[in-house]
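Examining the three-dimensional arrangement
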Amino acid sequence: MKNESIEKLHPTILRKFIIILFSAIALGFPAVIIGLTHKESDPQLSNISYGIFVTLVIGALVSLAVLTKFVKCPKCNTKTRKVDHPTTHKVYCRPCNITWNLRIGKKNNHQ
Ligand SMILES: [Zn+2]
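Report on the accompanying structure. (Residues numbered from 1 in each chain as written. Predicted model: local features only at pLDDT ≥ 70, side-chain atom pairs only at ≥ 80, totals over all residues.)

Between helix α1 (residues 13-37) and helix α2 (residues 43-69), the least distance of the axes is 8 Å, while the angle of their chain directions is 170°. With respect to each other, α1 and α2 are oriented roughly antiparallel. For the pair α1 and α2, contact is made by Ile13, Lys16, Phe17, Ile20, Leu21, Ala24, Leu27, Gly28, Ala31, Val32, Ile34 and Gly35 and by Leu45, Ser46, Ser49, Tyr50, Ile52, Phe53, Leu56, Val57, Ala60, Ser63, Leu64 and Leu67, respectively. (Axes fitted to C-alpha atoms, helices over the stretch in contact; angles between N-to-C directions. Helix = DSSP H or I, 4+ residues; strand = E, 2+ residues; numbered from the N terminus. Parallel < 35°, antiparallel > 145°, perpendicular 65-115°, else oblique. Contact = placed C-beta atoms within 7 Å.)

Here's what the structure looks like:
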């Protein structure tokens, strides 16, 4: 069963991806700075800051994994299926017969 599907760029996922990534950096960076600068003066605050940073990193990684794994079709809101592609994350929507290119590269392949 090999019918040609249309390939389109997913309109929202990359933006969400970047928002999550930048929020994690924007919130995590000050936490690390506080952790480093209060290491001796306030070890408890330092530990809390590191804890916040670790939580943010894990939270961001989980969100990004979920975001790329459970992608809904922007057209019909149906859950899509992952498409095997060596360099880019792509998903397929059966009702629309559209392959959505998420524009998110895999590993170190920048193409
Ligand atoms: Zn669809």
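Attention shifts here to the environment of Asn77. Of note, Asn77 is situated in the loop between α2 and β2 (81-83). Each C-alpha atom of the pair Asn77 and Pro95 lies 10 Å from the other, and the pair is 18 residues apart in sequence.

Backbone geometry places Asn77, a non-glycine residue, at a positive phi of 70°. For Asn97, which is not glycine, the phi torsion reads 55° and is therefore positive. When you line up the elements, Asn97 lands in the loop between β3 (88-93) and β4 (98-105).

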